[in-house]
Amino acid sequence: MPTPRDLPSALSRARMLCALLAAPKLRRGLGAMLSGSGASEDPAVRGPLSRLDWIDEDGEVDAAALRDSAEVLALMLSGEAILEVPRLPEIPQQVEESREVCGRIARLVFERAGRGRTLNEAELNAAIAMFARDVALVRRDAVDAGVLTRSADGSAYRLADAD
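A.B. asks: Explain the overall build of the protein chain to me, and be specific about the residues and the numbers.
C.D. replies: Scanning the protein chain for helices and strands turns up eight helices and three strands. Mapped in sequence order, the helices and strands of the protein chain form the string α-α-α-α-α-α-β-α-α-β-β. Reported as C-alpha extents along the three principal axes, the dimensions of the protein chain are approximately 70 × 35 × 25 Å. Residue burial in the protein chain is summarised as follows: out of 163 residues, 30% are buried.

A.B. asks: Which residues make up the pattern of salt bridges, and what values do they have?
C.D. replies: When their charged atoms lie close together, side chains carrying opposite charge are able to pair. All told, the structure shown has six salt bridges when counted by the stated rule. Asp 161 serves as the salt-bridge partner of Arg 115, at 2.8 Å between the closest nitrogen and oxygen. Separated by 46 residues along the polypeptide, Arg 115 in the loop between α6 (95-113) and β1 (118-120) and Asp 161 in the segment after β3 (156-159) bring together distant segments of the chain. Overall, the relative accessible area of 57% leaves Asp 161 in the exposed class.

A.B. asks: Please give an account of the nonpolar core that cites residues and values.
C.D. replies: Residues Ile 105, Val 109, Leu 124 and Leu 148 are the most contacted members of the largest nonpolar core, which totals 20 residues. For this core, the secondary structure elements donating two or more residues are α6, α7 (121-128), α8 (135-144) and β3. One finds Leu 26, Leu 30, Ala 39 and Ile 55 within the second-largest nonpolar core, a separate group that totals eleven residues.

A.B. asks: Go over the packing of α6 against α8 with me, naming the residues and quoting the values.
C.D. replies: Contact geometry for α6 and α8: axes closest at 8 Å, N-to-C directions at 100 degrees. One finds that α6 runs roughly perpendicular with respect to α8. For the pair formed by α6 and α8, the contact residues are Ser 98, Arg 99, Cys 102, Ile 105 and Ala 106 on the first element and Leu 137, Val 138, Asp 141, Ala 142 and Asp 144 on the second. Considering only residue class, the contact of α6 with α8 consists of six nonpolar, one polar and three charged.

A.B. asks: Break down the pairing of β3 for me, citing the residues and quoting the values.
C.D. replies: Only one face of β3 is buried: it carries Tyr 157 and Leu 159, and the other face, with Ala 156 and Arg 158, is open. Sheet analysis places β1 next to β3, joined by three bridges and oriented antiparallel. Along β3, the bridge assignment pairs Asn 120 with Ala 156. Two strands pair when backbone bridges link them, and strand β2 (residues 148-150) and β3 are joined in this way by three bridges, in the antiparallel orientation. Residue Leu 148 lies in a different strand from β3, and its bridge partner there is Leu 159. Count of turn residues in the β2/β3 antiparallel hairpin: five residues, of which Gly 154 carries a positive phi of about 75 degrees.

A.B. asks: Tell me about the sheet that holds β3, residues and numbers included.
C.D. replies: Read across the sheet, three strands follow the order β1-β3-β2 without closing on themselves; strand pairing throughout is antiparallel. Two strands lie at the open edges of the sheet, namely β1 and β2, each paired on one side alone. Across the sheet, the axes of successive neighbouring strands diverge by a mean angle of 30 degrees, strand direction being ignored. Across the face of the sheet, α6 comes into contact with β1, β2 and β3 while running at roughly 90 degrees to β3. Sheet contacts for α7: β1, β2 and β3; angle to β1, the most-contacted strand, approximately 90 degrees.

Rules behind the numbers
- Residues numbered from 1 in each chain as written.
- Predicted model: local features only at pLDDT ≥ 70, side-chain atom pairs only at ≥ 80, totals over all residues.
- Heavy atoms only, no water.
- Helix = DSSP H or I, 4+ residues; strand = E, 2+ residues; numbered from the N terminus.
- Buried < 20%, exposed > 50% of the residue type's maximum accessible area, 1.4 Å probe, protein only.
- Salt bridge = Lys/Arg side-chain N within 4 Å of Asp/Glu carboxyl O.
- Core = buried A, V, L, I, M, F, W, Y, C linked by side-chain atoms within 4.5 Å.
- Axes fitted to C-alpha atoms, helices over the stretch in contact; angles between N-to-C directions.
- Parallel < 35°, antiparallel > 145°, perpendicular 65-115°, else oblique.
- Contact = heavy atoms within 4.5 Å.
- Nonpolar A, V, L, I, M, F, W, Y, C, P; charged D, E, K, R; others polar.
- Pairing = 2+ DSSP bridges.

Next up, the structure:
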């Protein structure tokens, strides 16, 4: 499968379409556009529909943009998704949010490495580095959140619920 060029735009397009389809008024407006009846005059419908970059007011569809979105969704459901998504640029500042994100990263690491495994610090750091830049913060917050347990000397880490 070819790698899509613009992952965020394609995912945004798919997310927006799902949100539109969930709202009856917007769903009817989109149906009218797709059938060639034109855009709704209602600002509550026209506004959201005008943000769609894959359909014009006459109902002409940009099939290439939709194909790109379909490829991105297929990729994100595959085992190759991790290779396409960049690392988190930063961890949230709020303690609760930070611990939640760091805990999720730690769980992902151990899902891939093996839930019952013990990782030394270098192994854990290398795995965390695939997800976030601040490896020490992720490791520390995951321990503080109770997601990871650390040996007394700090050299070995395990998933807490795997003990």
